[in-house]
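# Fold and geometry: a report
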Amino acid sequence: MALKKLDNIEIIVEDLDAVVAFFTELGMELEGRAEVEGTWAARLVGLEDQKVDIAMMRVPGDNGRVELAQYRDPDAIRSLPVNAPPHTLGIRRIMFSVDDIDDRIARLLAHGAELVGEVVEFEGSYKLAYLRGPEGILVALAQELG
């Protein structure tokens, strides 16, 4: 039995439209939106009942996807402080490979993102940056050099 692929990563959000706009500006494409409810879905995640709006974002030309979910019922629970630092336990960031990191950073900053630290070069092979998007979501960008 083999692991075939990573299908998607889910991020629970409070403002689905704002986060969709952020990931769209990053360069992802909206694959689709849906409302998920019913006993089958609630049983899957171990809740008594649920109503969730989801948006599936995909990387153009790749299989990588991010599922954004906004719970309508029950209310989402905040487990970490907003803008938790990068060394907080748990999943902290998503990294994307880009072709022009400076352009992508400028576009995301204009869209309300914040640069977390500095843009740095790693051993002459990568240019790297961490950005904080809506709801404190950390996104790392990597541009291969040379």
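Relevant structure appears above.
Residues numbered from 1 in each chain as written. Predicted model: local features only at pLDDT ≥ 70, side-chain atom pairs only at ≥ 80, totals over all residues. Heavy atoms only, no water.

A word on the overall build of the protein chain. Assigned secondary structure in the protein chain consists of three helices and nine strands. For the protein chain, the spread of C-alpha atoms along the principal axes amounts to about 50 × 40 × 25 Å. Here the protein chain, with 146 residues, has 33% of them falling under the buried criterion. The contacts in the protein chain between residues at least 6 apart in sequence include a share of 55% that link residues at least 24 apart. Computed over 15 positive and 27 negative side-chain charges, the inter-centroid distance for the protein chain is 3 Å. (Helix = DSSP H or I, 4+ residues; strand = E, 2+ residues; numbered from the N terminus. Buried < 20%, exposed > 50% of the residue type's maximum accessible area, 1.4 Å probe, protein only. Contact = heavy atoms within 4.5 Å. Lys, Arg positive; Asp, Glu negative; His and termini not counted. Charge placed at Lys NZ, Arg CZ, Asp CG, Glu CD.)

It is worth spelling out the layout of surface pockets at this point. The computed volume of the largest pocket comes to approximately 750 Å³. Ile11, Ile12, Leu80, Glu135 and Ile137 are, among the 23 residues lining the largest pocket, the residues nearest its centre. Broken down by secondary-structure element, the contributors of at least two residues to the lining of the largest pocket are strand S1 (9–12) and strand S5 (93–97). Per-element tally for the lining of the largest pocket: the top contributor is S1, with four residues. Of the volumes computed, that of the second largest pocket is approximately 340 Å³. Considering the residues around the second largest pocket, the lining is formed by 21 residues, among which Met28, Val59, Asp62, Met95 and Phe96 are closest to the centre. (1 Å grid on protein atoms, 1.4 Å probe; cavity = no way out; pocket = protein on both sides within 12 Å on 5 of 7 lines; lining within 4 Å. Points joined across faces, edges and corners; volume = space filled by probe spheres on them.)

For the rest of this paragraph, the subject is the packing of helix H1 (residues 16–26) against helix H3 (residues 101–110). Where H1 meets H3, the closest approach of the two axes is 9 Å, and the angle between their N-to-C directions is 160°. The angle between H1 and H3 falls in the class roughly antiparallel. Our pair here, H1 against H3, has a crossing hand that is right-handed. Judged by residue contacts, Phe22, Glu25 and Leu26 of H1 engage Arg104, Arg107 and Leu108 from H3. Here the contact of H1 with H3 is built from residues that sort into three nonpolar, no polar and three charged. (Axes fitted to C-alpha atoms, helices over the stretch in contact; angles between N-to-C directions. Parallel < 35°, antiparallel > 145°, perpendicular 65-115°, else oblique. Left-handed = near helix turned anticlockwise from the far one by under 90°. Nonpolar A, V, L, I, M, F, W, Y, C, P; charged D, E, K, R; others polar.)

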